[in-house]
Amino acid sequence: MSVSSKCYYALRAMFALAEHTGSEPMKIADIAERQQIPPRFLEVILSQLKSGGFVQSRRGADGGYRLARPADQITIGEIMRYVDGPIAPVDCVSQSRHKECEFHGECNFFCFWGRVRQAISDVVDQTTFADLIEEAEQRRAQLQLAGLRGAEPGVERPRPGR
């Protein structure tokens, strides 16, 4: 399974919108800069996300985009499936785009690939954008604390005399 660039950018755009705490909508230029997404590609992605009911837009000088639902009510899996389609490492275990393989039910890997698909689905379907924001805040706090101590998190520095 491979996540397309379009899906990756859509996830990053959604993250930027979820992280945005201002009352005004977020401008495309700000999302593009913050998430390093080509602005023209971002316009297409946001239009698609709007059609899917994930974001809302407002036109005009004060216009921009915002999430259509709270960040804790939008999962990574919803966005991935909407942009890229079914989540499956191989077509024969896809639940919505099943394709029969040449082994016709006698594949020694069928159960394995099914478990891989389920594991991926469990993670992306149980992770919301609010979860990602919380993880990012924790990571930033760890990095800031480590910077104050002069070390990276999880990396022990040799002590003098040892």
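Note that the structure is a prediction, hence the values are computed from the model and not measured. (Residues numbered from 1 in each chain as written. Predicted model: local features only at pLDDT ≥ 70, side-chain atom pairs only at ≥ 80, totals over all residues. Heavy atoms only, no water.)

A. Spatial organisation of the pairing of strand β1 (residues 55–58). Where β1 lies against strand β2 (residues 64–67), 4 bridges are found, and the strand directions are antiparallel. Looking at the pairing, S57 lines up with Y65 of β2. (Pairing = 2+ DSSP bridges. Helix = DSSP H or I, 4+ residues; strand = E, 2+ residues; numbered from the N terminus.)

B. Structural view of the environment of R69. With respect to the helices and strands, the residue R69 is situated in the loop between β2 and α4 (76–84). Measuring from C-alpha to C-alpha, the distance between R69 and G53 comes to 8.7 Å, with 16 residues separating the pair along the chain. Residue contacts for R69: discarding those within four places in its chain leaves F54, I74 and E78. A polar side-chain atom of R69 sits 3.0 Å from the main-chain carbonyl oxygen of Q73. (Contact = heavy atoms within 4.5 Å. Polar contact = N/O pair within 3.5 Å; in protein donor to acceptor, adjacent residues only side chain to side chain.)

C. Molecular detail of the environment of I28. The residue I28 is located in helix α2 (residues 28–35) in this model. With 37 residues separating them along the chain, I28 and Y65 place their C-alpha atoms 7.4 Å apart. The residues contacting I28, other than those within four sequence positions of it, are P39, L42, E43, L46 and Y65.

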